[in-house]
Amino acid sequence: MPRERTDRAGEMEAFATVAREGSLSGAARTLGLTPSAVSRIVARIEARLGVRLLVRTTRRLRLTAEGEAYLRAATRILADLDEVESGIADQASPRGRVRVSTSMAHGRMVIVPLLGAFVERYPGISVEIDINDQIADVLGGRADVAVRFGPLADSPLSARKLGDTGRSVVASPEYLARAGVPRRPADLARHNCLDFSFRRIEPGWPFREGGRDYLMRVSGNMTANNGETLVQLALQGVGITRVGHFHIDDEIAAGRLVPLLEKYNPQDRESIHAVFVGGATMPARIRVLVDFLAEHLRPGARG
């Protein structure tokens, strides 16, 4: 015959509460039941199992060996149920903290303006953002999601493409009025070119002329390790620079910077990825942030 349907989880919780409180009355107060109701629950479990789980004395309750075994199993099962329910609830309404690492300029100009809408959509999530041009150690647990530019190194991390960005050569109208406008890439040899200070895979600025792609070596009196600084220098009229479009779109639109040599621009693109620890156990709070960034940064990641 089929067993009588019972609320096994409820019974386990009641028994675990009795064991924790050390008395039927204490468990009854915690559970909001009467002592007799709690006693009936314990008796029902014992009758079904055919063993004694508790030994009642005048002062307190003592668990038998079978009671100890049942308590261990009940505790494990209840913890598993909590984990399952919390996981499902997390998928429906993610919550918790997400640590995001991004470069200074892209973080300030592109990522940060999106975060207000993100936390409005997911009020249970808090965001800790680290804006730094140093690469965060995601695998080592220093960040949950890192936004990275360019080709990705081989690693066990998961990655999702958020978009890409192009680059252009620009200068301020004041600099061009003083130093002249370069008409061909070769003219850059006579100009103060502001470049990145870190080592690049390809040394020089790429151009396309006469159907041929080539690199033009440039030189100047200032270098910087980030594009935002190069843009500030260009705005001050120090020289010409070549940076990603997200740095300069607003400056070009306002007339503070002028694009140069666009007919020679090879239209090279630099990929932008979110990298994170993926897999089946990836928390929903991280997944929804990556989805949100991909949704708002494509196509073109603002240029």
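Residues numbered from 1 in each chain as written. Predicted model: local features only at pLDDT ≥ 70, side-chain atom pairs only at ≥ 80, totals over all residues. Heavy atoms only, no water.

### Some thoughts on the domain arrangement of the protein chain
- By domain assignment, the protein chain separates into domain 1 (6–75), domain 2 (93–162 + 268–295) and domain 3 (166–267).
- Here the C-alpha centroids of domain 2 and domain 3 sit 29 Å apart.
- Taken together, the contact between domain 2 and domain 3 spans eleven residues of the former and 13 residues of the latter.
- Of the roughly 1,100 Å² buried between domain 2 and domain 3 on both sides combined, carbon and sulfur atoms contribute 49%.
- In terms of surface lost to domain 3, no three residues of domain 2 exceed Met-109, Asp-268 and Arg-269, which account for 50% of the buried area on that side.
- Scanning the region where domain 2 abuts domain 3 turns up four salt bridges.
- Across the pair Glu-228 and Arg-108 runs a salt bridge, and its minimum N-O distance is 2.2 Å.
- The interface formed by domain 2 and domain 3 holds five residue pairs in polar contact (both at pLDDT 80 or more) in total.
- Among the residues forming the side of domain 2 that touches domain 3, the class breakdown is five nonpolar, one polar and five charged. (Domains from an automatic or database assignment. Contact = heavy atoms within 4.5 Å. Buried area = accessible area lost by both parts, 1.4 Å probe. Salt bridge = Lys/Arg side-chain N within 4 Å of Asp/Glu carboxyl O. Polar contact = N/O pair within 3.5 Å; in protein donor to acceptor, adjacent residues only side chain to side chain. Nonpolar A, V, L, I, M, F, W, Y, C, P; charged D, E, K, R; others polar.)

### Observations concerning the nonpolar core
- Core analysis: the biggest nonpolar cluster contains 27 residues, and Phe-118, Val-145, Leu-162, Phe-276, Leu-289 and Leu-293 have the highest contact counts within it.
- At the level of secondary structure, the elements contributing two or more residues to this core comprise β3 (96–102), α5 (104–121), β5 (145–149), β13 (269–276) and α9 (284–297).
- No other element matches the eight residues that α9 contributes to this core.
- Excluding its chain neighbours within four sequence positions, the residues that come into contact with Phe-118 are Ile-125, Val-127, Val-288, Leu-289 and Phe-292. (Core = buried A, V, L, I, M, F, W, Y, C linked by side-chain atoms within 4.5 Å. Buried < 20%, exposed > 50% of the residue type's maximum accessible area, 1.4 Å probe, protein only. Helix = DSSP H or I, 4+ residues; strand = E, 2+ residues; numbered from the N terminus.)

### Thoughts on the packing of helix α1 (residues 8–21) against helix α3 (residues 35–49)
- Taken N-terminus to C-terminus, the directions of α1 and α3 make an angle of 115°; their axes are 10 Å apart at the nearest point. Between α1 and α3, the angle falls in the class roughly perpendicular. In this structure, α1 meets α3 at a crossing whose hand is left-handed. Counted together, Arg-8, Glu-11, Ala-14, Phe-15 and Val-18 of α1 and Val-38, Ile-41, Val-42, Arg-44, Ile-45 and Arg-48 of α3 form the full contact between these two elements.
- For the contact of α1 with α3, the class distribution of residues is seven nonpolar, no polar and four charged. (Axes fitted to C-alpha atoms, helices over the stretch in contact; angles between N-to-C directions. Parallel < 35°, antiparallel > 145°, perpendicular 65-115°, else oblique. Left-handed = near helix turned anticlockwise from the far one by under 90°.)

### As for the side chain of His-247
- Looking at the element boundaries, His-247 is found in helix α8 (residues 245–253).
- When its relative accessible area of 8% is taken as the criterion, His-247 is described as buried.
- Here His-247 is in contact with Ala-105, Met-109, Gly-227, Glu-228 and Val-231, once residues within four sequence places are set aside.

### Quick look at the packing of aromatic side chains
- Tallied over the full model, the rule gives five aromatic pairs.
- On the numbers, 5.2 Å between centres and 85° between planes, the contact of Phe-15 with Tyr-70 is edge-to-face. Of this pair, Phe-15 sits in helix α1 while Tyr-70 sits in helix α4 (residues 65–92), placing them 55 residues apart in sequence.
- Taking relative accessible area as the criterion, Phe-15 reaches 0% and is therefore assigned buried.
- Aromatic side chains Phe-118 and Tyr-122 sit 5.2 Å apart centroid to centroid with 50° between the ring planes, which places their arrangement in the tilted category.
- Each member of the aromatic cluster is reached from another via a ring pair, and the members are Phe-118, Tyr-122 and Phe-292. (Phe/Tyr/Trp six-rings, centres within 6.5 Å; stacked < 30°, edge-to-face > 60°.)

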